[in-house]
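Overview (structure and organization)
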Amino acid sequence: MAETAVKNRITTSANENMTTEKYLTFFIEGQLFSIPSSQVVEIIRMQPVTFIPNLPPFIIGVINLRGKIVPLVDIRLKFNKTPKEYDDHTSIIVAETGELSVGFIVDSVNDVTNVSKNQISETPRFARDTANHYVKGIATLNENAVMLLDIEKILSDGEEIQLPVK
């Protein structure tokens, strides 16, 4: 009986490690980041942005996406990176979390890839851990470290995005 329980635990553990989730990978300043593809609605090119006053500096404005107002978060600015002029590679990843659609401006989109649980390591904890709380794990893909981002934490970092309701 105990032998069966041990086999079941080993099988369950192996199945958990084999479980994969699809992630969209993208670049910010040469570093590879990702978000679950289940939260991605679409990927679009840069579009004309409507400025809205008094927003946090990393929210550059909004776009009208087929009648829906979508706030744009420049991930470079959110992560305190050097601003960069948008070019042909710059993309907007439109993602949904809860009832909010938001566009994340990234340097370039890379790929959609499967990530299994055994490829994910916990985020290292440092003293006064402030910067990496947006990262919920680090995956190793083809010997590259990929930061798995937590969209909810990016958006709820003390400066929630609230737009006027139509």
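Residues numbered from 1 in each chain as written. Predicted model: local features only at pLDDT ≥ 70, side-chain atom pairs only at ≥ 80, totals over all residues. Heavy atoms only, no water.

As for the overall build of the chain
Across its full length, the chain holds three helices and eleven strands. Per-residue burial for the chain yields a buried fraction of 39% across its 166 residues. A sequence separation of at least 24 residues applies to 56% of the contacts in the chain between residues at least 6 apart. (Helix = DSSP H or I, 4+ residues; strand = E, 2+ residues; numbered from the N terminus. Buried < 20%, exposed > 50% of the residue type's maximum accessible area, 1.4 Å probe, protein only. Contact = heavy atoms within 4.5 Å.)

Points about empty space enclosed by the protein
Going through the model one piece at a time under the given rule, you end up with one cavity of 30 Å³ or more. In this structure, the largest cavity spans a volume of roughly 50 Å³. Together, Asp74, Arg76, Lys84, Tyr86, Thr90, Ile105, Val106 and Asp107 line the largest cavity. For the lining of the largest cavity, the class distribution of residues is three nonpolar, one polar and four charged. (1 Å grid on protein atoms, 1.4 Å probe; cavity = no way out; pocket = protein on both sides within 12 Å on 5 of 7 lines; lining within 4 Å. Points joined across faces, edges and corners; volume = space filled by probe spheres on them. Nonpolar A, V, L, I, M, F, W, Y, C, P; charged D, E, K, R; others polar.)

Let's talk about the nonpolar core
A general tendency of soluble globular proteins is for nonpolar side chains to be buried together. Formed by 24 residues in total, the largest nonpolar core has its most connected members in Phe26, Ile35, Val73, Phe104 and Leu149. The residues contacting Ile35, other than those within four sequence positions of it, are Tyr23, Leu24, Phe26, Val40, Ile93, Ala95, Leu149 and Ile151. Listed in part, the eight residues of the second largest apolar core include Ile44, Leu65, Val70 and Leu72. (Core = buried A, V, L, I, M, F, W, Y, C linked by side-chain atoms within 4.5 Å.)

Description of the environment of Pro71
Tracing the backbone through its elements, the reader meets Pro71 in strand β5 (residues 68-74). Counting along the chain gives 20 residues from Pro71 to Phe51, while the straight-line C-alpha distance between them is 10.0 Å.

A look at the environment of Asp150
Mapped onto the elements, Asp150 comes out in the loop between β11 (144-149) and α3 (151-155). You can call Asp150 buried: its relative accessible area is 15%. C-alpha separation for the pair Asp150 and Pro36, spaced 114 residues apart in sequence, amounts to 8.8 Å. Those residues in contact with Asp150 that sit more than four places away from it in its chain are Tyr134 and Lys136.

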